[in-house]
Each structure stands twice: as C-alpha cells, then as structure tokens.
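Below, each chain spelled out in residue letters.
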Amino acid sequence: MEHQELWNIEDVANYLGVPKQTVYAWRTTGYGPQGFRVGKHLRWRATTVITWTLGLEQQR
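Residues numbered from 1 in each chain as written. Predicted model: local features only at pLDDT ≥ 70, side-chain atom pairs only at ≥ 80, totals over all residues. Heavy atoms only, no water.

In the contact formed by helix H1 (residues 9-16) and helix H2 (residues 20-29), the axes pass within 8 Å of each other and the chain directions differ by 105 degrees. Classified by the angle between their axes, H1 and H2 sit roughly perpendicular to one another. Residues Ile9, Glu10, Val12, Ala13 and Leu16 of H1 touch H2, and the partners they reach there are Lys20, Val23, Tyr24 and Trp26. For the contact of H1 with H2, the residue count by class is 7 nonpolar, no polar and 2 charged. (Axes fitted to C-alpha atoms, helices over the stretch in contact; angles between N-to-C directions. Helix = DSSP H or I, 4+ residues; strand = E, 2+ residues; numbered from the N terminus. Parallel < 35°, antiparallel > 145°, perpendicular 65-115°, else oblique. Contact = heavy atoms within 4.5 Å. Nonpolar A, V, L, I, M, F, W, Y, C, P; charged D, E, K, R; others polar.)

Okay, here's the thing in structure tokens:
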C-alpha cells in the first residue's frame, strides 16, 4: 500500500492488529490516529496511521 492512499476502518484495524471495534472505540474517546469522513465513510491517511504508531514507539 502507498503511504498517500486513504485507508478504511478495515485497513487501519489490520495494520494495527486490533479489531475494528477497537478503532471505533478509540475514535469516541479521542485516542488513536486522526481519521476523517468522506461523505458517510471514515478514512485515514496511511501516513497518519504510521506516524501515530511511530509516536507511540518514541514515547516508550
């Protein structure tokens, strides 16, 4: 996958190795990578998700 492409909830969950419901729960609490809506669909930039995980790694 290209880093500039948009990911859907399934792509994000697969990349992070968590259930889709976890990603939904993170959105409601303000945790997790920042996503946005395209119409009624949730999308994340691949670079945003990857950068978010790198930030978690640096906090350790």
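Moving on to the environment of leucine 54. Of note, leucine 54 is situated in helix H3 (residues 46-59). Along the sequence, leucine 54 and tryptophan 7 sit 47 residues apart, while their C-alpha atoms lie 17 Å from each other.

Note: predicted coordinates in regions of low pLDDT should not be interpreted at a detailed level. Across the protein, the average pLDDT comes to 94, with 95% of residues at 70 or higher. Across the protein, H1 holds the top mean pLDDT of 98, while H3 sits lowest at 94. (pLDDT = per-residue confidence, 0-100.)

Take the sheet that holds strand S2 (residues 36-38) next. Read across the sheet, 3 strands follow the order S1-S3-S2 without closing on themselves; strand pairing throughout is antiparallel. Taken across any chain shown, the strands that pair with only one partner, and hence form the sheet edges, are strand S1 (6-7) and S2. Pairing of S2 with strand S3 (residues 41-45) involves 3 bridges; the strand directions are antiparallel. Across the sheet, residue phenylalanine 36 finds its bridge partner in S3, namely arginine 43. (Pairing = 2+ DSSP bridges.)

This paragraph deals with the nonpolar core. Membership of the largest hydrophobic core is limited to 10 residues, which are Trp7, Ile9, Val12, Ala13, Val23, Leu42, Trp44, Ala46, Val49 and Ile50. Those elements that provide at least two residues to this core are H1, S3 and H3. (Core = buried A, V, L, I, M, F, W, Y, C linked by side-chain atoms within 4.5 Å. Buried < 20%, exposed > 50% of the residue type's maximum accessible area, 1.4 Å probe, protein only.)

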